[in-house]
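Per-entry structural report
Chain by chain, the residues:
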Amino acid sequence: MDIRVLRYFLKICELGNISKAAESLHTTQPNLSRQLTQLEEELGRTLVIRGKRRLTLTEEGEYLRKQALSIVEMADHTESTLKSFQNHINGHVHIGAAESTVMAFFASIFQKSWETYPGISYHLNSGNYVDVTRSLDNGLADFGIVIEKTDKSKYHHLQLPHRDTWGILMHRDSPLAQQKSITPADFAQLSLIASREIEEIGKIKNWASEGSPKVIATCNLITNAALMIEATSGYALTFEGLTFPSESNHLVFCPLEPAVTSSTYLIWKKDTPLSKSAQIFLELVKEAVGEQKD
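Bear in mind that the values here come from a model prediction, so they are computed numbers and not experimental data.

Scanning the protein from terminus to terminus reveals ten helices and eleven strands. Its C-alpha atoms put the protein at 70 × 50 × 40 Å along the principal axes. Buried positions account for 45% of the 294 residues belonging to the protein. On the protein, roughly 15800 Å² of surface is accessible, and the fraction owed to carbon and sulfur atoms is 50%.

Our next topic: the packing of helix α1 (residues 3-15) against helix α2 (residues 18-25). In the contact formed by α1 and α2, the axes pass within 8 Å of each other and the chain directions differ by 125°. One element, α1, and the other, α2, form an angle in the oblique class. Our pair here, α1 against α2, has a crossing hand that is right-handed. Taking contact as the criterion, the partners of Tyr8, Lys11, Ile12 and Leu15 in α1 are, on α2, Ile18, Lys20, Ala21, Ser24 and Leu25. Grouping the amino acids of the contact of α1 with α2 by side-chain chemistry returns six nonpolar, one polar and two charged.

Further remarks concern the pairing of strand β5 (residues 143-147). Counted residue by residue, β5 has five buried out of five residues, so it is predominantly covered. Pairing of strand β3 (residues 92-97) with β5 involves three bridges; the strand directions are parallel. Within the sheet, the bridge partner assigned to glycine 96 lies in β5 and is glycine 144.

What follows deals with the environment of lysine 11. Of note, lysine 11 is situated in helix α1. Between the C-alpha atoms of lysine 11 and serine 24, which are 13 residues apart in sequence, the distance is 8.1 Å. For lysine 11, the contacting residues outside a window of four places in its chain are Ala21, Ser24 and Leu25.

As a further point, take unusual backbone geometry. With an omega dihedral of 0°, the bond running from glutamate 257 to proline 258 counts as a cis peptide bond. As for its placement among the helices and strands, proline 258 is situated in the loop between β10 (251-255) and β11 (261-269). A positive phi is found at histidine 26, a non-glycine position, where the angle reads about 60°. Along the chain, histidine 26 turns up in the loop between α2 and α3 (29-43). Not every positive phi belongs to a glycine, and aspartate 271 is a case in point at roughly 60°. Assignment of secondary structure puts aspartate 271 in the loop between β11 and α10 (276-293). Using a relative accessible area of 80% as the deciding quantity, one classes aspartate 271 as exposed.

Let's shift gears to the pairing of β11. Counting buried positions over the nine residues of β11 gives seven, a clear majority of the element. Across four bridges, β5 lies against β11 in antiparallel orientation. Across the sheet, residue isoleucine 147 finds its bridge partner in β11, namely threonine 264. One ladder, built from eight bridges, connects strand β6 (residues 155-171) with β11; its direction is antiparallel. Pairing of histidine 156 across the sheet is with tryptophan 268, part of β11.

Formed by 26 residues in total, the largest nonpolar core has its most connected members in Phe105, Phe106, Phe143, Leu266, Phe281 and Val285. For this core, the secondary structure elements donating two or more residues are β3, α5 (103-116), β5, β6, β11 and α10. The element best represented in this core is α10, accounting for eight residues. Among all residues touching valine 285, those that are not within four sequence positions of it are Phe105, Phe106, Ile109, Leu158, Leu160 and Leu266. Within the second largest apolar cluster, 21 residues are counted, among which are Met170, Ala194, Leu237 and Cys254.

All right, on to the packing of aromatic side chains then. Counted under the stated rule, the structure contains twelve aromatic pairs. Between phenylalanine 110 and phenylalanine 281, the aromatic rings sit 6.2 Å apart at their centres with planes inclined by 35°, giving tilted as the arrangement. In this pair, phenylalanine 110 sits in helix α5 while phenylalanine 281 sits in helix α10, placing the two residues 171 residues apart along the sequence. Residue classification places phenylalanine 110 among the buried positions, given a relative accessible area of 9%. Relative accessible area serves as the criterion here: at 0%, phenylalanine 281 is assigned to the buried category. In textbook terms, an aromatic cluster arises when at least three aromatic residues are bridged by ring pairs, as seen for Phe105, Phe106, Phe110, Trp114, Tyr122, Phe143, Trp268 and Phe281.

Quick look at the packing of α1 against α3 now. The geometry of a pair of packed helices is captured by two quantities: the angle between their axes and the separation between those axes. Their axes nearest at 10 Å, the elements α1 and α3 cross at an angle of 110°. In terms of orientation, α1 and α3 fall into the roughly perpendicular class. Along its contact with α1, which presents Arg4, Val5, Tyr8, Phe9 and Ile12, the element α3 presents Leu32, Gln35, Leu36 and Leu39. Tallied by class, the residues present in the contact of α1 with α3 amount to seven nonpolar, one polar and one charged.

Reading the values: the criteria
Residues numbered from 1 in each chain as written. Predicted model: local features only at pLDDT ≥ 70, side-chain atom pairs only at ≥ 80, totals over all residues. Heavy atoms only, no water. Helix = DSSP H or I, 4+ residues; strand = E, 2+ residues; numbered from the N terminus. Buried < 20%, exposed > 50% of the residue type's maximum accessible area, 1.4 Å probe, protein only. Areas by Shrake-Rupley, 256 points an atom, 1.4 Å probe, with all protein chains shown as cover. Axes fitted to C-alpha atoms, helices over the stretch in contact; angles between N-to-C directions. Parallel < 35°, antiparallel > 145°, perpendicular 65-115°, else oblique. Left-handed = near helix turned anticlockwise from the far one by under 90°. Contact = heavy atoms within 4.5 Å. Nonpolar A, V, L, I, M, F, W, Y, C, P; charged D, E, K, R; others polar. Pairing = 2+ DSSP bridges. Core = buried A, V, L, I, M, F, W, Y, C linked by side-chain atoms within 4.5 Å. Phe/Tyr/Trp six-rings, centres within 6.5 Å; stacked < 30°, edge-to-face > 60°.

Below, the structure is given as C-alpha cells:
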C-alpha cells in the first residue's frame, strides 16, 4: 500500500465524499475515484459503499481507516525524526504522558530547551500506562511519563523528583466534602469514577485495607471525570492539583489519610535510537533531576 494512497483514503473517510476530498487534495474526482478503486482491488475488499450523497465505510473500510491513521502518523513521525539529524536542530519530540502535576516540572525544561534550540517542538499525548507504552512500542512516541510502574526490562527509566498525592474529587454538596481527609472506611463506601488501572495501583489496594469501593465508571482523563462529578455529585480517585476546585465548578478535593503518594518516571524504549532533538530533551531532564537532587 502506498502511503500517499492511504492519505487519500483518510481524506475520503473524513469528508465522506470523493468530490470534496478531491478538491481538498487539489486533484481531480476521477483520479481520486480511480485511486480508491485500485486500493480496493489491491486489498481484495470493498472499503466503501457509494451512496448518492455520501460514502459509507464497510467493516473492512473502518478497520483500514484506523490502521491508516497509525501508519500515516508513524510515517510523519519518522520523517520529522530523520530531518532532525541535521546539524541544525529543528525536530519534534513526542511524549506520551500520564496525568500528573509533574508537567509543571517539564514546562521549565521545555522553556530552557527553546532558549537554546528554538526549532525543537514538543508534542504531548495524554493517556494511561497502556496508552503511553503502546505509543512507545509503535514508534509514535519518543518518551513516556508514567506513574509508579514500568517494565524495566523493556524501557530505560529515570525517576523524576516529584510525587503526586492521591485523594477524592467530589461535589461540594457531597456528604464527605466537609471532611479534611478520606479514610479507608470512607473509601470502601464510595461509588467511584477511577482510572482504568485502579486494580493495578498497589498502593491504593494496600491502603484500602477495609475493602474496595464500587467502581461505576473508568476514565483516563480527569477533566472528563470532573464534568461528570459536577453533574451527578459522584466521586473520583485522582491526584491533587490536576483540577482546580472553585465556587464556579462546585468541586472539592480531599486527600487520603494516611497520605498516599506516587512516584513518576520518564521512560524510553531500549535499543531504539533517539533523534538529536530527543537526546537534547533527555539531557535537559537528567540535568534538572540532578540539580533537584543536590
